[in-house]
Amino acid sequence: MNDSLVIAGKSYGSRLLVGTGKYKDFDETRTAIDASGAEIITVAIRRTNIGQNAGEPNLLDALPPEKFTILPNTAGCYNAEDAVRTLRLGRELLDGHPLCKLEVLGDPATLFPNMPETLKAAEILVKDGFDVMVYCADDPIQAKMLEEIGCVAIMPLASLIGSGMGIVNPWNLRLIIDQAKVPVLVDAGVGTASDAAIAMELGCDGVLMNTAIAHAKKPVLMASAMKKAVEAGREAFLAGRMPRKLYSADPSSPTQGLIGS
Amino acid sequence: MIQVTINGQNESLDEGLSVLALLQGRELAGKRLAVERNGEIVPKGRHGEVMLAEGDRLEIVVAVGGG
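Here is a short report on the structure shown in this document.

Cut-offs applied
- Position numbers for residues start from 1 in each chain and track the written sequence from start to end.
- Chains and ligands are labelled sequentially in the order written, the chains with letters from A and the ligands with numbers from 1.
- Only residues with pLDDT of at least 70 are given local features in this predicted model, and only at 80 or more are side-chain atom pairs given and counted; all residues enter the totals for whole chains, interfaces and linings.
- Note that the side-chain values use all heavy atoms of the structure and ignore hydrogens as well as water.
- Secondary structure elements follow DSSP: runs of H or I of four or more residues count as helices, runs of E of two or more count as strands, with numbering from the N terminus.
- As a reference, a globule follows 2.2 Å times the number of residues to the power 0.38, and the radius of gyration itself is taken over C-alpha atoms.
- For every residue, the accessible area (1.4 Å probe, protein chains only) is compared with the maximum for its type, and the residue is labelled buried under 20%, exposed over 50%, or partly exposed between those bounds.
- Between N-to-C directions, angles cover 0 to 180 degrees, with each direction set by a line fitted to C-alpha atoms, over the stretch in contact for helices.
- Working definition: roughly parallel below 35 degrees, roughly antiparallel above 145 degrees, roughly perpendicular at 65 to 115 degrees, and oblique for all remaining angles.
- For any helix crossing, the convention is left-handed if the near helix is rotated counterclockwise from the far helix by under a right angle, and right-handed if that rotation is clockwise.
- In this analysis, two residues are considered to be in contact whenever any of their non-hydrogen atoms come within 4.5 Å of each other.
- Residue classes follow a fixed rule: Ala, Val, Leu, Ile, Met, Phe, Trp, Tyr, Cys and Pro count as nonpolar, while Asp, Glu, Lys and Arg count as charged, and any other residue, Gly among them, counts as polar.
- Throughout this description, the term salt bridge denotes a Lys or Arg side-chain nitrogen within 4 Å of a carboxyl oxygen of Asp or Glu.
- Any two strands between which DSSP finds at least two bridges are classified as paired.
- Handedness of a crossover is defined as follows: orient the strands so they point away from the viewer, and if the path from the first strand over the helix to the second runs clockwise, the crossover is right-handed.
- Buried area, as used here, totals the accessible surface that two parts lose on assembly, with accessibility defined by a 1.4 Å probe and the loss added over both.
- Pairing of N or O atoms within 3.5 Å defines a polar contact, subject to two protein rules: one partner must be a possible hydrogen donor and the other a possible acceptor, and residues neighboring in sequence count only if both atoms are side-chain atoms.

If you tally the helices and strands in chain B, you get 1 helix and 5 strands. Starting at the N terminus and ending at the C terminus, chain B contains elements arranged as β-β-α-β-β-β. At 12 Å, chain B has a C-alpha radius of gyration in line with the 11 Å of a compact globule built from 67 residues. Evaluated residue by residue, chain B yields a buried proportion of 42% over its 67 residues.

Right, dumping it as structure tokens:
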């Protein structure tokens, strides 16, 4: 079955996108990402040491852009200007590739997104030629605004970044999925495999996660679990679940031919 | 000597230094990084020709683990 995820005109076999933060070392990062099967991986953009520690290993040597689609993000930015500057640096770093993840935070305690600044940054970035995948609140109205601006994927939170609380408002996600003409990916909040499966069963086009894998007791095993959960959830969505009934009086085994009748 | 700010730190550099020469001096040339000078990207292809000037503010960044 050809069921690829298409973002900005490019097809991907995996609907699981993963972050590269919070791992013990680059070896564990690479092993977990290989186990997840993810093709799109997010990275942060930060100041390098300027000669104090020459020869320090580089993340992109462990995860070469020739093999993975690298999604530079703006994690840690609290206004549109910093986010735009960060992504212009990310584009230069990755030799001009335009796909990026926009994320503008509003509160350091909860990491809840700042939607006015997110909308402002999205406008500037789309005009500047970026393909913007955008982290946002699970607000269908603002999700629509981001789509109208020209974002290539809408990525509402399932719950707060790093919380592992799972899908706390499936109904808002459904509203966003039902109206969107671009892919909708849950970004943030997934805690374990069943959360990822539920997101996919709701009709999400993909799931982006980091902490759920990196902070599992066994990250590589959890990465493998997430791969299966996303695939299982996707297949269940496509298969179409049976309706929920309180009871049915319709057993799965024949009611005729019982012995002793 | 000129005074510049690199990644938020004040530094004294020789005059007539290009971005490329600075990167070479810090063993950063050829690495996967990006340079911004006074708010504008300096494309890789121009590192050799863009000369640093008094008061420049440079950001030199790399990709690190993130979500």
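What follows concerns the packing of helix 7 (residues 193–201) of chain A against helix 9 (residues 219–239) of chain A. Residue and element names in this part refer to chain A. Contact pair helix 7 / helix 9: the axes reach a minimum separation of 7 Å and the direction vectors enclose 25°. When the interaxial angle is binned, helix 7 and helix 9 end up roughly parallel. Considering the relative orientation of helix 7 and helix 9, their crossing is right-handed. From helix 7, Ala193, Ala196, Ala197, Met200 and Glu201 reach across to helix 9, where they touch Ala225, Met226, Ala229, Val230, Gly233, Arg234, Ala236 and Phe237. Of the residues belonging to the contact of helix 7 with helix 9, the class tally is 10 nonpolar, 1 polar and 2 charged.

Okay, the pattern of salt bridges next. With the rule as written, the count across this model stands at 20 salt bridges over all chains. Across the pair Arg32 of chain B and Glu66 of chain A runs a salt bridge whose closest N-O atoms are separated by 3.7 Å. With Arg32 of chain B in the loop between helix 1 (19–25) and strand 3 (34–37) and Glu66 of chain A in the loop between helix 2 (59–62) and strand 5 (69–72), this pair bridges two chains. The shortest N-O distance in the salt bridge between Lys127 of chain A and Glu123 of chain A comes to 3.8 Å. Taken together, the positions of Lys127 of chain A and Glu123 of chain A, both in helix 4 (residues 115–127) and 4 residues apart, correspond to about one turn of that helix. What makes Lys127 of chain A exposed here is its relative accessible area of 71%. One continuous salt-bridge network, built from bridges that share partners, spans Asp3, Arg15 and Arg234 of chain A.

Quick look at the pairing of strand 10 (residues 206–209) of chain A now. Residue and element names in this part refer to chain A. Every second residue of strand 10 is oriented toward a common face, with Gly206 and Leu208 on one face and Val207 and Met209 on the other, all of them buried. The pairing of strand 3 (residues 16–19) with strand 10 spans 3 bridges and is classified as parallel. By the bridge assignment, Val18 is partnered in strand 10 with Met209. As paired elements, strand 9 (residues 185–187) and strand 10 share 3 bridges and run parallel to each other. Residue pairing across strands places Leu185 opposite Gly206, the latter belonging to strand 10. At this point the chain moves from strand 9, through helix 7, to the parallel strand 10, and the crossover so formed is right-handed.

Residue-level contacts link 32 residues of chain A with 27 residues of chain B. At the boundary of chain A with chain B, total buried surface from both sides reaches about 2600 Å², with 54% on carbon and sulfur atoms. On the chain A side of the interface with chain B, the three residues burying the most area are Arg47, Ile50 and Glu92 of chain A, jointly 27% of the side's total. At the surface where chain A touches chain B, the tally comes to 6 salt bridges. A salt bridge links Glu59 of chain B to Arg47 of chain A, with the nearest nitrogen and oxygen atoms 2.7 Å apart. Counting the contacts that link chain A with chain B gives 15 residue pairs in polar contact (both at pLDDT 80 or more). Among the secondary structure elements, those contributing two or more residues to the side of chain A that touches chain B are strand 4 (40–47), helix 2 and helix 3 (80–93) of chain A. Among the elements that take part in the side of chain A that touches chain B, strand 4 of chain A stands out by supplying 6 residues, more than any other. The residue inventory of the side of chain A that touches chain B, partitioned by class, reads 10 nonpolar, 12 polar and 10 charged. Pairing geometry for strand 4 of chain A and strand 5 (residues 57–65) of chain B, over 5 bridges, is antiparallel.

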